[in-house]
Every structure is written in structure tokens, then in C-alpha cells.
Amino acid sequence: TIATHGINSGLYAKLPYDAVNDFAPLCLLGFAPNVLLVHPSVEAKSVRELIALARRNPGMTYSSPGAGTSTHMAGELFQSMSESKLMHVPYKGTSDAVLAVVRGDVQMVFSNLPPAMPLIKDGRVKALAVTTTGRVSLLPDLPTVSESGLTGYDVSVWFGAFAPAGLPPVLVNRISNALVNAATDPLVSEKLIQQGFVVKILRPVEFAGFVRDEINKWTKVVRQAGIKAE
């Protein structure tokens, strides 16, 4: 996932595995979008307005399930790219982090999309944008962060399959093909979409390059923010 083969390599000084050299990438299967939510009392109605508000009011708060999580990283990347100063408020889990915004204890959160949908529909939070490079089918009218003021912003909570390093190429290709066939089966992909996932396939060579790019990206974010694993 984005954690095991993206964020963790820069977050932890020592890991019991090497995310690149200990694995044979099989395929990227897809991702679950995050959505930027704010409490209804927050004046901003768009990402551009939120950035302007955050610059005028340093210390606006955002919650997450803890240091180093993908939603924490989403906030840190947003802060860095928008040249604003936000205050991170970690909670013990995703539900607590989102409910903190519902209650108004904090002002914003980057939440996984599926659990946020009921809150968005009920008007208990305002959804400003999704964090992926493209819009998502569950909220087709909701823009991306990138198109709303932070060009190039992308936090995709991705999922892929790996095998042990050294697996013969013929087996890598055979397993990869089987996984891709399963994930792109119309019945399977429709179920995934209904649950808020986006099916996106990358084959072994492309996936290996994608993983290296993710490690470089999140290592830079961790270092710039001075994040320590908890």
C-alpha cells in the first residue's frame, strides 16, 4: 500500500524490509480517493478560498488518524504546496479524526471517501475536493485539489500486489496477468467502484517505477515537515 511501499521508507529510520529490493512488483490494482472535508462553519467554499483563509489565519487545524498516515501526509503536502501554516491534531483512528470535524473540534480533515459519503450527504461536513488527479464517479461534480488551486497535488491511497524478490519473470507475469484479469472483470470492478475504489492497472515494470516515485515523494514530505513516527 501507499504506507508499506511509499510513506514508511522515509518515515522510519529502520524497517524490517526494503520496499524496493525485497519485493517483485506484480501490479498496481487501484486506489481509494481521499476527500478534503471542512466543518460547515469554515467560510471557504473552495480550495482556493481555503488556501486564502489559511494564509490569513495561520494555525488552522486539521485532524488525522495519527502521524505518518496517508491522511496526515495529505495535510502536510497541502500545507507545503499552499505555503500555509496548519496545525496537525492526531487522533487514535479514522472515525475519531472525522468526527472531530463533525463536532467542530478541528476545522478540516483529509478523509477516505467511503466513510465520508454519509456525512457529506447529510451536510454535516462540507466537501471541497478530492485528492486524486481525476474526479471520482461517486462525486462527479466535486473538483480535484489539483484543478482547484494546487496544480499537481495528488494523494492516491493505492493498493498493489507484490511477490518476494527473485521470483522468476515467467511467474511474475503469470500472477500479474491473473490479478489484472480478476480486478478488471466487470462484476468485480463494479463492486469496487460502488465501495469507492478506482481500478487502475500498472504492470510490473511501470509499477516498479511508480513505487520508486512514491518513496521519493513521501520521503521529501516527511523530511520537510520533520515528522517523527509514533
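The notes below deal with the structure included here.

About the thresholds
- Residues numbered from 1 in each chain as written.
- Predicted model: local features only at pLDDT ≥ 70, side-chain atom pairs only at ≥ 80, totals over all residues.
- Heavy atoms only, no water.
- Axes fitted to C-alpha atoms, helices over the stretch in contact; angles between N-to-C directions.
- Helix = DSSP H or I, 4+ residues; strand = E, 2+ residues; numbered from the N terminus.
- Left-handed = near helix turned anticlockwise from the far one by under 90°.
- Contact = heavy atoms within 4.5 Å.
- Nonpolar A, V, L, I, M, F, W, Y, C, P; charged D, E, K, R; others polar.
- Buried < 20%, exposed > 50% of the residue type's maximum accessible area, 1.4 Å probe, protein only.
- Polar contact = N/O pair within 3.5 Å; in protein donor to acceptor, adjacent residues only side chain to side chain.
- Core = buried A, V, L, I, M, F, W, Y, C linked by side-chain atoms within 4.5 Å.
- Phe/Tyr/Trp six-rings, centres within 6.5 Å; stacked < 30°, edge-to-face > 60°.

Attention now goes to the packing of helix H1 (residues 3-11) against helix H8 (residues 204-225). Contact pair H1 / H8: the axes reach a minimum separation of 7 Å and the direction vectors enclose 40°. Considering the relative orientation of H1 and H8, their crossing is right-handed. Residues His 5, Gly 6, Ile 7, Ser 9, Gly 10 and Leu 11 of H1 pack against Val 211, Glu 214, Ile 215, Trp 218, Thr 219 and Val 222 of H8. Tallied by class, the residues present in the contact of H1 with H8 amount to 6 nonpolar, 5 polar and 1 charged.

This paragraph deals with the side chain of Thr 219. Relative to the helices and strands, Thr 219 resides in helix H8. Under the relative-accessibility criterion, Thr 219 is labelled buried at 12%. Of the polar contacts made by the side chain of Thr 219, one reaches the backbone oxygen of Ile 215; its length is 2.7 Å. Contacts of Thr 219, omitting those with residues within four sequence positions, involve Ser 9 and Gly 10.

We now examine the nonpolar core. Ranked by internal contacts, the top residues of the largest apolar core, which has 41 residues, are Leu 36, Val 47, Leu 50, Phe 78, Met 108, Tyr 153 and Trp 218. If one sorts the elements of this core by residue count, H8 sits on top with 6 residues. Excluding residues within four positions of it along the chain, Val 47 makes contact with Leu 36, Phe 78, Leu 128, Ala 129, Val 145 and Ser 148. One finds Val 35, Val 109, Leu 113 and Leu 142 within the second-largest nonpolar core, a separate group that totals 18 residues.

Here we come to the environment of Lys 85. Of note, Lys 85 is situated in the loop between helix H3 (70-82) and strand S3 (86-90). Residues Lys 85 and Ser 63 lie 22 residues apart in sequence; the distance between their C-alpha atoms is 14 Å. Non-local contacts of Lys 85, meaning those with residues more than four positions away in its chain, are made with Pro 58, Gly 59, Met 60 and Gln 79.

A few words on the packing of aromatic side chains. Scanning the model with the defined rule gives 10 aromatic pairs in all. Ring centres 5.8 Å apart and planes at 70° place the aromatic pair Phe 23 and Phe 162 in the edge-to-face group. One end of the pair, Phe 23, is in strand S1 (residues 23-38); the other, Phe 162, is in strand S6 (residues 156-164), with 139 residues separating them in the sequence. We classify Phe 23 as partly exposed; its relative accessible area is 24%. Among the residues examined, Phe 162 registers a relative accessible area of 21% and is labelled partly exposed. With 5.8 Å between their ring centres and 70° between their planes, Phe 159 and Phe 197 make a pair best called edge-to-face. Of the two residues, Phe 159 sits in strand S6 while Phe 197 sits in the loop between helix H7 (186-194) and strand S7 (198-202), which places them 38 residues apart along the sequence. Within the aromatic cluster, the residues linked to one another by ring pairs are Tyr 17, Phe 23, Trp 158, Phe 162, Phe 207 and Phe 210.

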